[in-house]
Structure formats: structure tokens, C-alpha cells
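Coordinate inspection notes
Spelled out, the chains give:
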Amino acid sequence: MSADRPHQAPTAQPVLSVTGLDVHYGKRRALHGLTLTVTAGETLGIIGETGSGKSTFARTVLGLVRASAGSVVIDGEDVSAHRPRQWRALRRRGIVQYVFQDPLRSLDPDLTIEDSLTEPLLVQGVARPEAARRARALLDRVHLPEDLLDRLPGELSGGQRQRVAVARALITEPRLLILDEPASALDSANRVQILDILKELRADGVALVLISHDLGSVAGVADRIAVLYRGEAVEVGPAADVINTPQHLYTRLLVSSAPTLHTAAADRTEREALRALLHA
Ligand SMILES: Nc1ncnc2c1ncn2[C@@H]1O[C@H](COP(=O)(O)OP(=O)(O)OP(=O)(O)O)[C@@H](O)[C@H]1O
């Protein structure tokens with residue numbers, strides 16, 4: 001199967017399945033009835049404007065926020081009722097990993113790259129020489145030279161840091177990797193490199209969730225796209241369908257506002273008309 005083009009979602013058991021998810025912060029409802037699945041080797045893009053609930057979704061799947069209703073099943077295990085201790089154990093196993101938009105948030109500024117990469121394995125009880133061997137292999141996988149191992153994150157370029165953050169997330173061999181705007185702060189050369197790494201991961205069977213406010217930035221990578229609007233998935237479908245035949249008004253507005261989706265981009269008058277309809 002080519003890693004360069006979106007492919008049919010495999011029919012295997014989902015790596016992540018959330019059903020009817022409600023999340024509240026106090027009285028404020030951040031997610032409502034969210035139902036999504038991601039299977040091995042599939043890339044799901046989650047798109048929505050600021051405050052639509054994208055980070056809340058990620059935090060819930062990582063056990064950092066508790067759902068008020070609905071279920072979360074990770075790799076066949078229903079984790080909805082997990083207690084904090086069970087979530088910590090699950091996170092230590094590293095089945096689900098998360099990469100922040102800003103790699104400095106994923107990396108401890110005082111740890112060398114080698115220590116950052118080996119830490120998740122040492123916590124699992126892996127011996128240091130084996131952890132160091134795997135750290136080297138991972139650097140190679142994200143196309144970085146070994147001589148970065150002795151450096152601190154502050155001594156790397158932004159693009160190198162983001163690739164180290166991805167390598168750190170991969171070292172526990174996750175089944176699911178959630179990335180929050182992984183390429184938005186990068187120049188185009190570094191962005192292409194990150195997207196190529198993601199395509200390789202997908203080909204290796206890792207389930208990917210790409211979170212972004214920009215439809216254009218996930219359009220070429222995601223197999224399916226879920227559009228979040230005010231905490232609800234207003235549209236979920238194959239990427240080509242969502243982009244070419246958007247059903248919901250908000251999706252139409254997103255498509256028409258995406259500067260990189262040239263063929264679909266609408267003029268300002270049309271966008272204003274869509275916005276007016278959406279808020280009517
Ligand atoms: N810790 C919190 N306490 C109270 N409200 C919160 C908290 N975190 C998020 N919210 C609210 O929940 C809603 C969803 O926020 P969330 O951070 O999930 O959105 P988002 O789509 O990730 O936004 P962004 O793109 O800006 O990161 C927003 O209305 C936000 O103000």
C-alpha cells in the first residue's frame with residue numbers, strides 16, 4: 001500500500017473508540033455526544049476553531065479530564081471508569097502518546113535529548129543500555145543525526161525539536177499518537193519532513209489523530225476528518241468528501257476559508273454569507 005495517498009480505513013478493531021462523550025468544566029459543557037473511532041494505520045483529522053473542544057478531547061483520551069457521560073475504549077480496554085492510578089499506569093505503558101504544538105512543552109529543557117528519549121523507557125524498567133539503543137534507533141527514524149543526543153532542547157532548531165518530540169512519543173511504541181498542530185510553527189521544509197514521518201507511521205500501523213484549527217493543514221494527510229463545532233462533531237467523513245462536498249454550514253465556512261484549498265476557496269462575500277447563516 002502506498003504511504004503517499006489516503007487509503008481505505010482498515011476494518012480491524014478500533015485503536016480508539018469514543019462514544020457519546022460529554023465533558024464539562026463545572027457547568028460549562030466542552031464536549032457533547034462525541035462519537036469517533038480511529039483504527040490502526042488510519043489518520044483522523046480533528047478540525048475546529050479555538051474553544052471547539054479539540055484539546056478537551058485529547059485530554060479526555062489521556063485521562064487528564066474526566067468525562068461526565070459516554071465511553072472511551074483504548075485498544076479494546078474500556079477506560080471510562082479508570083481511577084487516576086489506573087490512568088497513570090496506562091500512560092506509563094505508553095499506548096497513547098501526545099505531542100504538543102510547542103515541542104518545548106513536550107521536552108524538559110534541562111534534560112539532554114538522550115535523557116528525554118530514554119526517560120519513558122527507564123520509567124517502564126527498561127535497562128539503560130537498551131533504552132539508549134532504542135533512543136538512537138528512534139532518532140534515525142525521524143531523520144536526525146546521533147550527535148544531537150548530548151544536546152539540550154534549547155540547542156536545537158524548532159524543526160529538530162519537533163522531530164525529537166515525535167521520537168519521544170514513539171519510543172514506547174504507541175498504538176495511538178495524538179498530535180496537536182504538529183507542523184504549524186514550522187517552515188515549509190520542516191513541515192514536509194514532519195508530514196513524511198507521519199505518513200511512515202501510518203504505513204507502520206500507528207493510529208494518528210491530527211488536531212488543528214486549519215482544515216488545509218490536515219487535508220492532504222488525513223484519511224477521515226471530524227469537524228468539531230461548539231463541542232459537537234457536526235461532520236465526520238472521508239477527507240475528500242468533507243472537503244469537496246461539505247454538508248454542515250460550519251464545514252462549508254472552513255473549506256471556503258482555507259487558503260491552501262484553492263479550488264474550494266470562496267470569495268469574501270460568500271464566506272460572510274455562510275457566517276451569517278451559521279449564526280442566524
Ligand atoms: N480547565 C478548564 N476550565 C474551564 N473551562 C475550560 C478549561 N479548559 C477548556 N475550557 C473551555 O472548554 C471549551 C473547549 O476548550 P478546548 O481547550 O478543548 O478548545 P480547543 O478547541 O482545544 O481550543 P484551542 O484551539 O484554542 O486550543 C472552551 O470553551 C474553553 O474555554
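Remember, predicted model here, so these are calculated numbers, not experimental data.

Re the nonpolar core
Of all hydrophobic cores here, the largest spans 73 residues; its most connected members are A167, L176, L177, I178, L208 and V227. Of all the elements, helix α6 (residues 158-170) adds the most residues to this core, at six residues. Split by domain, this core shows at least three residues from each of two domains, domain 1 (12-95 + 174-243) and domain 2 (111-172). In contact with L176, not counting residues within four places along its chain, are V15, L16, V38, I74, I95, V96 and A207.

A short note on the environment of K199
Looking at the secondary structure, you find K199 in helix α7 (residues 188-203). C-alpha of K199 to C-alpha of A222: the two residues are 23 residues apart in sequence and 9.6 Å apart in space.

Regarding unusual backbone geometry
Although it is not a glycine, D75 adopts a positive phi angle of roughly 50°. Along the chain, D75 turns up in the loop between β4 (69-74) and β5 (77-78). Looking at D75, the number of C-beta atoms within 10 Å reads 19, which means it is partly exposed. If you check the backbone angles, H143 has positive phi at about 60° while not being a glycine.

Conventions we followed
Residues numbered from 1 in each chain as written. Predicted model: local features only at pLDDT ≥ 70, side-chain atom pairs only at ≥ 80, totals over all residues. Core = buried A, V, L, I, M, F, W, Y, C linked by C-beta atoms within 7 Å. Buried ≥ 20, exposed ≤ 12 C-beta atoms within 10 Å, placed from the backbone. Helix = DSSP H or I, 4+ residues; strand = E, 2+ residues; numbered from the N terminus. Domains from an automatic or database assignment. Contact = placed C-beta atoms within 7 Å.

Everything listed here is a matter of coordinates, which is why it stays silent on function.
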